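Descriptive structure summary
These are the residues of each chain, in order.
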Amino acid sequence: MSWTKFLISSASANRVDKKSLLHLLRRSCDQIGVELIPDQAEQFWLYLQELLEWNQKFNLTGITQPEEILIKHFVDSLTPLPYLAGAKGLLDIGTGAGFPGIPLKIAAPFMQVHLVDSRRKKITFVQHIIRSLNLQKILVSHGRIEEMPEVVPRYQIVISRAFQQPEQLFHLLSGLLAPQSVLVVMLGPTNSGDRSRLQKLGAASRLVLSRVVCLQLPHRSGARTLLFFNKRY
Ligand code: SAH
């Protein structure tokens, strides 16, 4: 039996243990060019436990299988990291249960990270994770990004994953992005076809599409697209 099949069959029998899951995490991170040290893998394990527990009451994510959370939330969130070399600060707009901001913070602990979401229950959860994992240099704001215009210009990298209306982001952010900053839009399998539409919409907001990364998540977990936009002055 293949390794993946073993994990999936074990998962359905609720027999996936910590060692197997962390092995899957490290192998998957290797495939996307991200290296984790054991302490970071341990933080992901704690994050997984808390997400599984809180999700039973608060419906934070529709993905409920541990190995799926690992690949489709954690590893997916880390896919931009190889393209963010040297980034000092990152703003995650519409972070939900912490994606991609918390995985990026765990993997790049020296980066200042700021998480924003308009839903109170999501913010309560990410605050709990920050405390539980003892994450430092991380800020959290509850509210709509359009109501905090002072926040955006502070960050070199502004990122958003699975934001319902990326065009709204362009409209809101284009006037606020700092010079030399980059807006990273993470598209999932359902909206990756939006690429040319978003390129046009970005251009209308003076945002130039500077890089497109098309990738496959490990273990045949689907296609993803990363769009990097620069502000045109
Ligand atoms: N990034 C997460 C969540 C995506 S769902 C993930 O990839 O799983 C989109 C999130 O954006 C929701 O949690 C919603 O509450 C938040 N959101 C929607 N409009 C917003 C706005 N104007 N400002 C801040 N957060 C917003």
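Note: the structure precedes this text.
Residues numbered from 1 in each chain as written. Predicted model: local features only at pLDDT ≥ 70, side-chain atom pairs only at ≥ 80, totals over all residues. Heavy atoms only, no water.

**A look at the pairing of strand E6 (residues 207-216)**
Pairing between E6 and strand E7 (residues 223-231): nine bridges, direction antiparallel. Counterpart to Leu209 in the pairing with E7 is Phe229. Counted along the chain from E6 to the antiparallel partner E7, the turn is six residues long, and its residue His219 has a positive phi close to 55°. (Pairing = 2+ DSSP bridges. Helix = DSSP H or I, 4+ residues; strand = E, 2+ residues; numbered from the N terminus.)

**Things to note about the packing of helix H3 (residues 38-58) against helix H6 (residues 120-133)**
Helices that pack against each other are described as a pair by the angle of their axes relative to one another and the distance between those axes. The N-to-C vectors of H3 and H6 enclose an angle of 150°; their axes lie 10 Å apart at closest approach. With respect to each other, H3 and H6 are oriented roughly antiparallel. Between H3 and H6 the crossing geometry is right-handed. Contacts from Gln43, Leu46, Tyr47, Glu50, Leu51, Trp54 and Phe58 in H3 reach Lys121, Thr124, Phe125, His128, Ile129 and Leu133 in H6. Across the contact of H3 with H6, the residue classes tally to eight nonpolar, three polar and two charged. (Axes fitted to C-alpha atoms, helices over the stretch in contact; angles between N-to-C directions. Parallel < 35°, antiparallel > 145°, perpendicular 65-115°, else oblique. Left-handed = near helix turned anticlockwise from the far one by under 90°. Contact = heavy atoms within 4.5 Å. Nonpolar A, V, L, I, M, F, W, Y, C, P; charged D, E, K, R; others polar.)

**Concerning unusual backbone geometry**
In this structure, the amide linkage connecting Phe99 to the following residue, Pro100, adopts the cis form with an omega of 5°. Among the structural elements, Pro100 can be located in the loop between strand E1 (89-93) and helix H5 (101-107). One non-glycine residue, Asn134, adopts positive backbone phi at about 55°. One can find Asn134 in the loop between H6 and strand E3 (138-142). The exposed category is assigned to Asn134, whose relative accessible area is 54%. We note that Ala162 has phi near 55°; this positive angle belongs to a residue other than glycine. With respect to the secondary-structure elements, Ala162 resides in the loop between strand E4 (157-161) and helix H7 (166-173). Under the relative-accessibility criterion, Ala162 is labelled exposed at 54%. (Buried < 20%, exposed > 50% of the residue type's maximum accessible area, 1.4 Å probe, protein only.)

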